[in-house]
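Topology and contacts: notes
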2 protein chains.
Amino acid sequence: MQCTAFDTPQADALRVQSDALVTVSGEGQITAVIARDDPRWATERARHAAAGSLRELPEGSYLLPGMVDLHVHAPQWPQMGKALDVPLEAWLQQNTFPLEARYGDETFAESVYRPLVQQLLANGTTTAMYFGTLHDSGNRVLAEQCLRQGQRGLVGRVAMDEPSQCPAFYRDVSAQVAIAETEAFIETVARLPGNAHGLVRPVITPRFIPSCTDALLEGLGALAQRTGVHVQTHCSESDWAHQHVLERTGVTDAQALHRFGLLTRRTVVAHANFLTPDDVALMAQVGASVAHCPLSNFYFANSVFPARSGHAQRMGMGLGSDISGGYSPSMFDACRHAITASYALDEGVDPDLPAAQRGRHDARIDHVFALWLATAAGGQALDLPIGRIEAGQQFDAIVVDCRTPDSNVCVWPDIDSPADVLQKIIYNATRSNVAQTWVQGALVHRRAAA
Amino acid sequence: MQCTAFDTPQADALRVQSDALVTVSGEGQITAVIARDDPRWATERARHAAAGSLRELPEGSYLLPGMVDLHVHAPQWPQMGKALDVPLEAWLQQNTFPLEARYGDETFAESVYRPLVQQLLANGTTTAMYFGTLHDSGNRVLAEQCLRQGQRGLVGRVAMDEPSQCPAFYRDVSAQVAIAETEAFIETVARLPGNAHGLVRPVITPRFIPSCTDALLEGLGALAQRTGVHVQTHCSESDWAHQHVLERTGVTDAQALHRFGLLTRRTVVAHANFLTPDDVALMAQVGASVAHCPLSNFYFANSVFPARSGHAQRMGMGLGSDISGGYSPSMFDACRHAITASYALDEGVDPDLPAAQRGRHDARIDHVFALWLATAAGGQALDLPIGRIEAGQQFDAIVVDCRTPDSNVCVWPDIDSPADVLQKIIYNATRSNVAQTWVQGALVHRRAAA
C-alpha cells in the first residue's frame, strides 16, 4: 500500500512515514515499510503496479494502526449509552445482570454479537478483548462472529460464583463447574473451524474478586498457569471494590490476584485506579497490564487512573472502551477521554479549592500518548505483534479519510503540518472517517461511499 | 411536521411528544404542537396532507430543538483540534493571535467562515454566538455567511487595546477607535440586506478585562446600556485571569464588568469557573448568563464550572464549544463533556486522596440537564424564543436519524423506552445522525444520503 502512515513506536514518539510503501505477506504480516527516498521504492511500486496488487491512498487519507480495545463487555452492547443516570447497584441488578442472563439463547446472542463486531470494525477497532457471559453457547457465537467478520478477538467466558454478590438467576452453580466450563471454552476456541492462525483466542475471566469464591480464583489461576492463555478481570476500580478486597483477603486486588496465580504476562486488569505503589511495581515485574477506561473512570471509578505515572514506572497498559460502563464504541473517543481525564487529574477540578491544593501536576498526556495507548501499547499488553506500522507486525490497520462529507477533521493544507493533521484526527475523527479496516492483511470493513 | 419530539422545558424535565403534529407559520414560528390524542390531530394532518405541506419523519428519526452554541471563536476554526499540547502562552502568541490577525483579508475570511457556518449547521448548531476579530470586513463576511446560509448568528467585533496584553500586530490602536468601530458594526449588521427579522445580531465583545483598558470597557459598557444589544466576554476563567483582574480592579471579574455597565440581561460570559457566591448572586439578579465550556475547562481553566450549583442559585447559563480552545464543533460532544466534567467535580479525580477528601457531591448533571443546557437554557441566556418545541417558539430544530449507516446510536426497540432512545442520542449522536437542520422554519441543511 502506498500511503502516509502515522504510528507511535513509543509513548511520546509520533512517527510519520510519508508516501511510504507498506508491503504485506500473504499471511497478513508487514514485510517492509519502504521510505519514499529508498532506492527500492520505485522498483517495488512498479512491481506491485504490474501485478495489480498496488493500492494507493488518495490525498487526505492516512494509514493508522488498528485500534486495540482492551475492555469490552460484549453482552452489554444493547444498553450502550443508557441507564448511566441510575446508581451503580440499580445499573447492575436491574439492567446489566438481567441482560447478561439472556445469552444462553443463541438466537439472541447472534442478534447482538453480529452487529457488535460489525460496528466495532466500522469504528476502527481491529482487536477487542471481550468479557462474554456465563453461557458457552453465547460465547461461542461471539468467537464465531469475530472469526467470520475477521476481527482479532480475545473472548472470555465470565466466571462468577459468590452467592452474596451475584444474583441467583445469573451465577455459576459452583467453582468446579465454572472452572470446567472455562477449560472447555478454551478447547472450543482452539477448535473453531478457520481459527488455525489464532485470530480468536480464549481468555480466563473471573469477573472480579468480590463476585468469585477463593476456590474459583484458585482454580482459574491454576488453569492460567497451566495453559498460558490470557487472563482478564477488574481490579481496584472503585473505593468500594478496593476496600472490599482488602477486608476479605487482607491484601490489595493486585496482590490477591498474584497469590491466586492470575497475574501473568498475559493478564489485563481493567481500571486499576487504586493500585498502590507496591501493586504497580508488582504489575511491572510480572508484565501484567492495565486496561485504562477513562470514560467509565468518570462514571463508576471515583477517580482517574494515573496513566502517565504508571507508564513512568514501566507498568504495561492500554485503552478500553468499557462498553457499556463507557457509552462510546469509538476508540477515538477513548483517546480523547484519556487526555481529558489526565488533564482533570493534573489540574484538579474544584474551583473552590485554592490553586495550590488543586491537581497533582504529574498526570498530563497528549494525543500522541493517547494514540500509543490505543494501538502499540494495547498490542504490547496483549503480547501480540500489532499496533505499529513496521516490518514484523501484523497488518492490522485503518484508513482514515479526512475528506469524507461528514468529517469534522478540518485540515488546512497551508497551515497544518503532518503532525498537526494527526492531532486533528485524534481530536475529531469519528467512525465516518474510518474508510477501511484491515486485520491480518484482510480488508474486513469498508465504509459505504456517500 | 408529524414526528416524535424531545425537548427539555426545564433543567431536569425531559418532554416526549410522541407522534405529534408540529405546525409552523410562514414566518417560521411554531403555532401549535398537537398531541396524537387531540381531536385536531387528524383534521390538521389531513389538511396539511391535502395542501402538500405535511412532512413525516420516518421511523427511527426524532425532532430535537436546534443546538445553541454560546461560545465560538470563529477565526480560530482553521486551528480546531491542534496545538492543544502547547502551553497557553504559545497557543495564544504563536498560533491564535497570528491566525486572528489575518481576517482583514476578506478572501481569507470567506474561505474560513463559509465552511465554518456550513459545518456548524451540519453538526446541528442552529444558533451560534461568535467572537469575530478586530476587522470590520471579516466580521461582516461572517454575518453575511450566517444570513446567507440561514444560521441564527450573534456576531461580535472583538475589542482589545491593552498594550501589555495584546501583540502590536493585533490590537486596537485606541479605546476610542475600538468603540467607534463596535458602534459601526452594530449599524452594519442592522442594515445587512435580508436581515429585517434580525436573524443575525451584533454583540459588544471586549475580549476579556486583561486585554482591555478601563477606557475601552467604560465606552463599551455605555454602548451596551444605550443600545441594549448583546454583550459577550470571558470571565474568571483561570487562576491567572481571576487573580489578574482582582489585582487590577480590586474586585472580581463579574463585579468589574457590572461596574463598567457590561453585565446586562443580554450578557453572556464565557467560562466563569471562579465566580464567588456574590458574583453568582449578582449574575442572577442582573439576568446575565454563563457560557459553560466544559471541554476547554479541562484544557485551560484549571477547574470545572459548577453548573448544577449555579443553576440552583438561579443563574442563567448555556453551553459553548469554545472552538478552538475546545476541539469539537459538535454540541452533542459539548453535552457529553458537560456531564463528564460534572462527574469529575462531583466524585473528584485523584485516587491518592482519601475518599472523604475527594469530590464535592453536589455537582452531577445528567443527559437531560445537558440537553437543556444546549437548547432551552441557551435560548433563555440569549433572551430569544428558541430551544423548545412548543407554540410561540421559533422553529429552530434538528432531525436526528438513528438509522443512518454511520450511526453509533444503537436502539433496541424491545428494551428501549423513548426516554432511553433520547439518552442514547445524547451519548452517541454525531453529525452523521443530524439528517436535517431547520432555522426559523427554513430547512438550512440536509445531510447527503449515503
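Cut-offs applied
- Residues numbered from 1 in each chain as written.
- Chains lettered and ligands numbered in written order.
- Predicted model: local features only at pLDDT ≥ 70, side-chain atom pairs only at ≥ 80, totals over all residues.
- Heavy atoms only, no water.
- UniProt positions renumbered as here; feature names shortened; annotations may be inferred.
- Pairing = 2+ DSSP bridges.
- Helix = DSSP H or I, 4+ residues; strand = E, 2+ residues; numbered from the N terminus.
- Axes fitted to C-alpha atoms, helices over the stretch in contact; angles between N-to-C directions.
- Contact = heavy atoms within 4.5 Å.
- Disulfide = S-S within 2.5 Å.
- Buried < 20%, exposed > 50% of the residue type's maximum accessible area, 1.4 Å probe, protein only.
- Salt bridge = Lys/Arg side-chain N within 4 Å of Asp/Glu carboxyl O.
- Least-squares fit on C-alpha atoms with pLDDT ≥ 70 in both.
- pLDDT = per-residue confidence, 0-100.
- 1 Å grid on protein atoms, 1.4 Å probe; cavity = no way out; pocket = protein on both sides within 12 Å on 5 of 7 lines; lining within 4 Å.
- Points joined across faces, edges and corners; volume = space filled by probe spheres on them.
- Nonpolar A, V, L, I, M, F, W, Y, C, P; charged D, E, K, R; others polar.
- Phe/Tyr/Trp six-rings, centres within 6.5 Å; stacked < 30°, edge-to-face > 60°.
- Lys NZ or Arg CZ within 6 Å of the ring centre and 35° of its normal.
- Domains from an automatic or database assignment.
- Polar contact = N/O pair within 3.5 Å; in protein donor to acceptor, adjacent residues only side chain to side chain.

As annotated in an unreviewed UniProt entry, chain A carries the name Guanine deaminase and comes from Acidovorax bellezanensis. Here is the UniProt Pathway (unreviewed entry) comment for chain A, exactly as written: "Purine metabolism; guanine degradation; xanthine from guanine: step 1/1." What UniProt records for chain A under Function (unreviewed entry) is the sentence "Catalyzes the hydrolytic deamination of guanine, producing xanthine and ammonia."

**Overview of the sheet that holds strand E7 (residues 152-159) of chain A**
Either a parallel or an antiparallel arrangement is found when strands of a sheet pair, and the pairing is made through backbone hydrogen bonds. Residue and element names in this part refer to chain A. Pairing is parallel in the open sheet, where eight strands are placed in the order E5-E6-E7-E8-E9-E10-E11-E12. The open sheet has two edge strands, strand E5 (67-73) and strand E12 (316-319), and neither has a second partner. Strand-to-strand twist of the sheet, defined as the mean angle between neighbouring strand axes without regard to direction, takes the value 25°. Note that E7 and strand E8 (residues 200-206) share seven bridges and pair parallel. Considered in E8, the bridge of Gly-156 is made with Val-203. Lying over the sheet, helix H3 (residues 106-122) contacts E5 and strand E6 (125-131), oriented at roughly 140° with respect to E6. Relative to E8, helix H6 (residues 214-227) is tilted by about 150°, and along the sheet it contacts E7, E8 and strand E9 (230-235).

**Structural notes on the state of the cysteines**
Here a disulfide denotes one covalent bond, and it connects the sulfur atoms of two cysteines. Residue and element names in this part refer to chain A. Counted by the stated rule, this structure contains zero disulfides over all chains. A disulfide-free cysteine, Cys-235 has its sulfur positioned 12 Å from the sulfur of Cys-293, the nearest such atom. Exposure remark for Cys-235: the relative accessible area of 1% places this residue in the buried category.

**What about the pattern of salt bridges?**
Throughout the structure, instances matching the rule amount to 68 salt bridges over all chains. For Lys-424 of chain A, the salt bridge identified is with Asp-416 of chain A, shortest N-O distance 2.7 Å. Considered together, Lys-424 of chain A and Asp-416 of chain A belong to a single accessibility category, that of buried residues. The salt bridge partner of Glu-144 of chain B is Arg-140 of chain B, with a shortest N-O separation of 3.6 Å. Here Arg-140 of chain B and Glu-144 of chain B lie together in helix H4 (residues 136-149), a separation of four residues that amounts to about one turn. Since its relative accessible area comes to 25%, Glu-144 of chain B is described here as partly exposed. Taking the relative accessible area as the measure of exposure, Arg-140 of chain B reaches 22% and is therefore partly exposed. Shared partners join several salt bridges into a network, and the residues in it are Asp-7, Arg-15, Arg-388 and Glu-390 of chain A.

**Some thoughts on the relation of the copies chain A and chain B**
The operation relating the two chain copies consists of a rotation about an axis and a shift along that axis. For the pair chain A and chain B, the best superposition has an RMSD of 0.0 Å and corresponds to a rotation of 180° with a translation of 0.0 Å parallel to the axis. The transformation just described matches what one would write down for a two-fold rotation axis. Comparing interface residues between copies, 99% of those in chain A also lie at the interface in chain B; the contact surface is shared.

**A few points about the confidence of the model for chain A**
Within chain A, residue pLDDT values average 97, and 100% of them lie at 70 or more. The ipTM for the predicted assembly is 0.97, set against a pTM of 0.98.

**Things to note about empty space enclosed by the protein**
Under the criterion given, the structure shown has eight cavities of 30 Å³ or more. Considering only enclosed or pocket space, the largest cavity measures out at about 220 Å³ in volume. Of all the elements in the fold, those that place two or more residues in the lining of the largest cavity are helix H12 (331-347) and helix H15 (418-428) of chain A together with helix H12 (331-347) and helix H15 (418-428) of chain B. Of the residues assigned to the lining of the largest cavity, the class counts are three nonpolar, 14 polar and eight charged. In this structure, the second largest cavity spans a volume of roughly 50 Å³. As for the second largest cavity, its lining consists of Tyr-327, Asp-333, Arg-336 and His-337 of chain A together with Tyr-327, Asp-333, Arg-336 and His-337 of chain B.

**Regarding the packing of aromatic side chains**
Given two aromatic rings, one states the distance between the centres and the angle between the planes to describe the pair. Applying the stated criterion across every chain yields a total of 25 aromatic pairs over all chains. Each ring, one from Phe-208 of chain A and one from Trp-240 of chain A, has its centre 6.4 Å from the other, and the planes form 45°; the classification is tilted. Here Phe-208 of chain A is found in the loop between E8 and H6, whereas its partner Trp-240 of chain A is found in helix H7 (residues 239-249), with 32 residues between them in sequence. Given the relative accessible area of 43%, Trp-240 of chain A is considered partly exposed. A centroid spacing of 4.5 Å and a plane angle of 35° characterise the contact between Tyr-299 of chain A and Tyr-343 of chain B, whose relative ring orientation is tilted. With Tyr-299 of chain A in helix H10 (residues 294-300) and Tyr-343 of chain B in helix H12, the pair connects residues from two separate chains. Neither residue differs from the other here; Tyr-299 of chain A and Tyr-343 of chain B are each classed as buried. The ring of Trp-41 of chain A has Arg-36 of chain A sitting right over it, with the charged end atom 3.7 Å from the ring centre. When the ring centre of Phe-108 of chain B is taken as reference, the NZ or CZ atom of Arg-102 of chain B above it lies at 4.0 Å.

**Some details on the domain arrangement of chain A**
Residues and elements named next belong to chain A. For chain A, the domain assignment lists domain 1 (2-65 + 387-446) and domain 2 (67-382). Here domain 1 and domain 2 have C-alpha centroids that lie 29 Å from each other. Every contact between the two is made by 31 residues of domain 1 and, on the other side, 26 residues of domain 2. Between the two partners, domain 1 and domain 2, sit two salt bridges. Between Asp-396 and Arg-152 there is a salt bridge; the shortest N-O distance is 2.7 Å. One can count ten residue pairs in polar contact (both at pLDDT 80 or more) joining domain 1 with domain 2. Where the side of domain 1 that touches domain 2 is concerned, the elements lending two or more residues are strand E1 (2-10), strand E2 (13-24), strand E4 (61-65), strand E13 (397-401), H15, strand E14 (434-439) and strand E15 (442-446).

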